[in-house]
Amino acid sequence: NSSPNHWAGHRDRTVRTFRWTDTATGKRLGLVQTAEGNLWRIGWESKDGSIEGCCGHLVVYVDDLMVLGPSHIRQGFLTRLQQEWKVSTPETVGKDQWTRFCGFELKWDDDTHLRVAQPSYIEELLERHRVQRSRNTPVAKSDPPEEPEVATAEDVRAAQALTGELLWLSIRSRPDISYGVGMMGRNTLKNPRWSMNLGVQLLEFLKGTPTVGLVYGPCDSSHGEADQLSIPRHDRLLEAFSDVSFAPGGS
């Protein structure tokens, strides 16, 4: 047995030595570690042995690895990896089923849009809390009681547990429930039963939207779905949309 840190050092030293020949170009490939230690860049080996350019990436988490790039790059790396260590059967992210990596699940919506979600985790939550109905919105408009509830320690623990379960989801793939989770977190001690009711509403919303998640795709250079942008979209443009809380009474 060895500590995770000891294994990580051994893994990184070994991966740094990987070299293989790309079947598509005949060039020698290798990896170089980026400033983010768990992200590696796959590039071409130069005459002095250094790695230049970029034709793929490797993400590592302890002994879970994800390689990204064209199929011949991925296959070349996996072949070299299997020469070094015994590994489980590699999985490829596709359109027909979810592929799990580090608690996330990935699937291609089409040839250019990748969906990152957590449907299995949501299913576990719904089963654990015996959720039967679904709703179309995350939470109904509701304010916490003005006076703190008279609650038991068991009430507080239950509210804290559900808040933690939903927080894990909101910060990884479901920012659409962040507002409700934040409200729960601020009320677990003062109003745990109110907080639990909010959590049940969020669970019911998740029951109707289990595969909703983050979608990554190329920039489309349009003026937005409603033609709302004064300039076309581009890679250096950040769009932010606010919730007009007091509409139609506010401006």
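Everything in this summary refers to the structure shown in the same document. (Residues numbered from 1 in each chain as written. Predicted model: local features only at pLDDT ≥ 70, side-chain atom pairs only at ≥ 80, totals over all residues. Heavy atoms only, no water.)

1. A short note on helix 1 (residues 4-16)
Reasoning step 1: Over its 13 residues, helix 1 runs 18 Å from end to end, which matches the ideal 18 Å to within 8%, given 1.5 Å per residue.
Reasoning step 2: Buried within helix 1 are the following residues: Ala8, Arg11, Asp12, Thr14 and Val15. Along the axis of helix 1, the buried residues cluster in a sector spanning 165 degrees; they form a single face.
Reasoning step 3: Considering only its buried residues, helix 1 is in contact with strand 2 (28-33), strand 3 (39-45), strand 4 (51-61) and helix 2 (71-84). (Helix = DSSP H or I, 4+ residues; strand = E, 2+ residues; numbered from the N terminus. Expected span 1.5 Å × (residues − 1). Buried < 20%, exposed > 50% of the residue type's maximum accessible area, 1.4 Å probe, protein only. Arc of directions from axis to C-beta. Contact = heavy atoms within 4.5 Å.)

2. Remarks on the pairing of strand 8 (residues 114-117)
Reasoning step 1: Of the two faces of strand 8, the one carrying Leu114 and Val116 and the one carrying Arg115 and Ala117 are both buried.
Reasoning step 2: The pairing of strand 7 (residues 104-108) with strand 8 spans four bridges and is classified as antiparallel. The residue of strand 8 that forms the bridge with lysine 107 is arginine 115.
Reasoning step 3: Linking strand 7 to strand 8, which pair antiparallel, is a turn of five residues.
Reasoning step 4: Pairing of strand 8 with strand 9 (residues 214-216), which is carried by three bridges, proceeds in the antiparallel orientation. If you follow arginine 115 over to strand 9, its bridge partner there is valine 215. (Pairing = 2+ DSSP bridges.)

3. Considering the environment of arginine 19
Reasoning step 1: With respect to the secondary-structure elements, arginine 19 resides in strand 1 (residues 19-21).
Reasoning step 2: Remark: the alpha-carbon pair of arginine 19 and valine 150, spanning 131 residues in sequence, is separated by 65 Å.
Reasoning step 3: If sequence neighbours within four positions are ignored, arginine 19 has contacts with Arg28, Leu29, Gly30, Leu31, Glu45, Gly49, Ile51 and Arg80.
Reasoning step 4: Polar contacts involving the side chain of arginine 19 include one to the side chain of glutamate 45, which spans 3.1 Å.
Reasoning step 5: Of the polar contacts made by the side chain of arginine 19, one reaches the backbone oxygen of glycine 49; its length is 3.1 Å. (Polar contact = N/O pair within 3.5 Å; in protein donor to acceptor, adjacent residues only side chain to side chain.)

4. Describing the packing of aromatic side chains
Reasoning step 1: Following the criterion strictly, the structure yields four aromatic pairs and no others.
Reasoning step 2: With centroids separated by 6.2 Å and ring planes inclined at 45 degrees, the aromatic side chains of phenylalanine 18 and phenylalanine 77 adopt a geometry described as tilted. A residue pair is termed long-range when its members are at least 10 positions apart, and phenylalanine 18 in the loop between helix 1 and strand 1 and phenylalanine 77 in helix 2 qualify at 59 residues.
Reasoning step 3: Classification of phenylalanine 77 by relative accessible area gives buried; the value is 1%.
Reasoning step 4: Through successive ring pairs, a cluster of aromatic residues spans Trp7, Phe18, Trp20, Phe77 and Trp85.
Reasoning step 5: The ring of phenylalanine 18 carries the charged tip of arginine 80 above its face, separated from the ring centre by 4.3 Å.
Reasoning step 6: Here the guanidinium or amino end of arginine 172 rests over the ring plane of phenylalanine 104, the centre of that ring lying 4.0 Å away. (Phe/Tyr/Trp six-rings, centres within 6.5 Å; stacked < 30°, edge-to-face > 60°. Lys NZ or Arg CZ within 6 Å of the ring centre and 35° of its normal.)

Purely spatial values, then, with no claim about function.
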